[in-house]
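So you can see what is in the structure, the chains are spelled out below.
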Amino acid sequence: VSLSQDPAFGALKDRFVCGYQDITGKSYAGRSGIHPIGGNAIRTTNGAGPHNLQLFMLAADGTVLHCLPGYWDPADLVHEMELADALHAVWRDGALSPADKDARFRDLQTAHVDGHSFGMVRRSRMQAFDQKFEARRRLETSDAIVDRDAAAAAGRRGRPPQHAFKTTDRLVHERMAARPFRAYEAFDTAEYVDYGRPKYDKREDER
Amino acid sequence: MRTLIGLAIGISLLVSQASAARRAHRMVRGPEAGARVEHLLTELKWETSLEDAKQRAAAEGKLVFWVQMLGRIDGST
């Protein structure tokens, strides 16, 4: 739904060649119910449903500039597209060495988080069921957890405290920073999108 | 005491209505969602081959927006 809304729709139309692939059956693909065209849809939080949907922004040679897992708000998506444009300029800069390009990639990805608006950060709270999954299944190893003691308490009872977890906007930039200018074929999607429950279904048509 | 109970019920109703309004705002009902998908499909050409998308992007001086999704963009997801 978010792709059809401006400003995302206009940006897609003007600046991108669009394509898609059905990932049903892929090792990293999640699970969901059946959602027919004409069924209800829901605006959810940024990064929700990472196993079900991945939005790649690629250079024309297939180099991955950016990847957003799950749903993203249209305005926030455009903000991330602007980063892809900046990274593309770095990628095409013939004056930079491969090492310099990688360093610039990491810097731009890391710095972008600091420019996220308060609203974008609020829209990027990880879903509570994904937070619980991280706390219960990989408390000691998850890079989505900031405060392991608080997350552990939440894993045992009730709703997890927000401060125990990174927001998804931060998480994706940190993970992308570790994957500078990878070829699409070499991009480790399974690891990159690995947070939260594999099954994501808001049962929109039952509301 | 009655005043306090009445006030509590009133606040509870207001909170409940606000919560319902928020949920309604987040929901896109079927017909509107269907129209948006139709708009997306008719106004943008969606490649199903990454190689084709890359070639077009090179020719048009654009980036590729490549969606990996459960299901089909023109069918059930």
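The structure this text deals with has already been given above.
Residues numbered from 1 in each chain as written. Chains lettered and ligands numbered in written order. Predicted model: local features only at pLDDT ≥ 70, side-chain atom pairs only at ≥ 80, totals over all residues. Heavy atoms only, no water.

Residues and elements named next belong to chain A. Under the definition given, this model contains zero disulfides over all chains. Not part of a disulfide, Cys67 finds its nearest cysteine sulfur in Cys18, a span of 15 Å. According to the relative accessible area criterion, Cys67 is buried, its value standing at 0%. (Disulfide = S-S within 2.5 Å. Buried < 20%, exposed > 50% of the residue type's maximum accessible area, 1.4 Å probe, protein only.)

Residues and elements named next belong to chain A. Here Asp6 and Pro7 are connected by a cis peptide whose omega angle stands at 10 degrees. With respect to the helices and strands, the residue Pro7 is situated in the segment before α1 (8-15). Residue Phe181 is not a glycine yet carries a positive backbone phi of 45 degrees. Note that Phe181 resides in the loop between α7 (168-177) and α8 (189-192). (Helix = DSSP H or I, 4+ residues; strand = E, 2+ residues; numbered from the N terminus.)

All told, the structure shown has six aromatic pairs over all chains when counted by the stated rule. Considering the side-chain rings of Phe16 of chain A and Phe65 of chain B, the 5.7 Å spacing of their centres and the 75 degrees angle between planes classify their relative orientation as edge-to-face. Remark: Phe65 of chain B occurs in strand β3 (residues 63-69) and Phe16 of chain A occurs in strand β1 (residues 16-22); the pair is interchain, linking two chains. A residue is classified by how much of its surface remains accessible, and Phe16 of chain A, at 3% relative accessible area, is buried. With a centroid separation of 4.8 Å and 65 degrees between ring planes, the pair formed by Phe105 of chain A and Phe181 of chain A is classed as edge-to-face. You can see Phe105 of chain A sitting in helix α3 (residues 98-114) and its partner Phe181 of chain A sitting in the loop between α7 and α8, a full 76 residues away along the chain. Residues Phe105 of chain A and Phe181 of chain A agree in their burial class; the two are buried. Members of the aromatic cluster, each reached through a chain of ring pairs, are Phe56, Tyr184, Phe187 and Tyr192 of chain A. The ring of Trp91 of chain A is capped by Lys101 of chain A, whose NZ or CZ atom sits 5.2 Å from the centre of that ring. (Phe/Tyr/Trp six-rings, centres within 6.5 Å; stacked < 30°, edge-to-face > 60°. Lys NZ or Arg CZ within 6 Å of the ring centre and 35° of its normal.)

Quick look at the pairing of strand β3 (residues 53-58) of chain A now. All names here are of chain A. Of all six residues making up β3, five are buried, and the element is well covered by its neighbours. Summarising the sheet, β3 and strand β4 (residues 64-69) pair through five bridges and their orientation is antiparallel. Across the sheet, Gln54 pairs through a bridge with Pro69, a residue of β4. Taking the residues between adjacent antiparallel strands as the criterion, β3 and β4 are bridged by five residues, where Gly62 takes a positive phi near 90 degrees. (Pairing = 2+ DSSP bridges.)

Another aspect to go through is α1 of chain A. When we look at burial in α1 of chain A, the residues that qualify are Ala8, Phe9, Ala11 and Leu12 of chain A. All buried residues of α1 of chain A fall inside an arc of 165 degrees around its axis, so they share one side. (Arc of directions from axis to C-beta.)

Under the defined criterion, the tally for this structure stands at 16 salt bridges over all chains. Between Arg15 of chain A and Asp85 of chain A there is a salt bridge, with its nearest N and O atoms 2.8 Å apart. Of this pair, Arg15 of chain A sits in helix α1 while Asp85 of chain A sits in helix α2 (residues 74-92), and the two are 70 residues apart along the sequence. You can call Arg15 of chain A partly exposed: its relative accessible area is 27%. Close ionic contact of Asp188 of chain A with Arg179 of chain A constitutes a salt bridge, the shortest N to O distance being 2.8 Å. One connected set of salt bridges, linked through shared partners, spans Lys45, Glu47, Arg56, Glu60 and Lys62 of chain B. (Salt bridge = Lys/Arg side-chain N within 4 Å of Asp/Glu carboxyl O.)

This paragraph deals with the environment of Gln162 of chain A. All names here are of chain A. With respect to the secondary-structure elements, Gln162 resides in the loop between α6 (148-156) and α7. Taking the C-alpha atoms as reference points, Gln162 and Phe118, separated by 44 residues in sequence, lie 15 Å from one another. Setting aside anything within four residues of it in sequence, one finds Gln162 in contact with Arg125 and Gln131. Within the local environment of Gln162, its side chain forms a polar contact with the side chain of Gln131, the two groups lying 3.3 Å apart. (Contact = heavy atoms within 4.5 Å. Polar contact = N/O pair within 3.5 Å; in protein donor to acceptor, adjacent residues only side chain to side chain.)

So, on to the environment of Met69 of chain B. Looking at where Met69 of chain B falls in the secondary structure, it is placed in strand β3. Spatially, the C-alpha atom of Met69 of chain B lies 21 Å from that of Glu32 of chain B, the residues being 37 residues apart in sequence.

Further remarks concern the packing of α2 of chain A against α3 of chain A. Residue and element names in this part refer to chain A. Interhelical geometry of α2 versus α3 gives an angle of 165 degrees and a closest axis separation of 10 Å. For the element pair α2 / α3, the angle class is roughly antiparallel. When the axes of α2 and α3 are compared, the crossing they make is right-handed. Contacts between α2 and α3 pair His79, Glu80, Leu83, Ala86, Leu87, Val90 and Trp91 from the former with Lys101, Arg104, Phe105, Leu108, Gln109 and His112 from the latter. Its residues assigned to classes, the contact of α2 with α3 shows seven nonpolar, three polar and three charged. (Axes fitted to C-alpha atoms, helices over the stretch in contact; angles between N-to-C directions. Parallel < 35°, antiparallel > 145°, perpendicular 65-115°, else oblique. Left-handed = near helix turned anticlockwise from the far one by under 90°. Nonpolar A, V, L, I, M, F, W, Y, C, P; charged D, E, K, R; others polar.)

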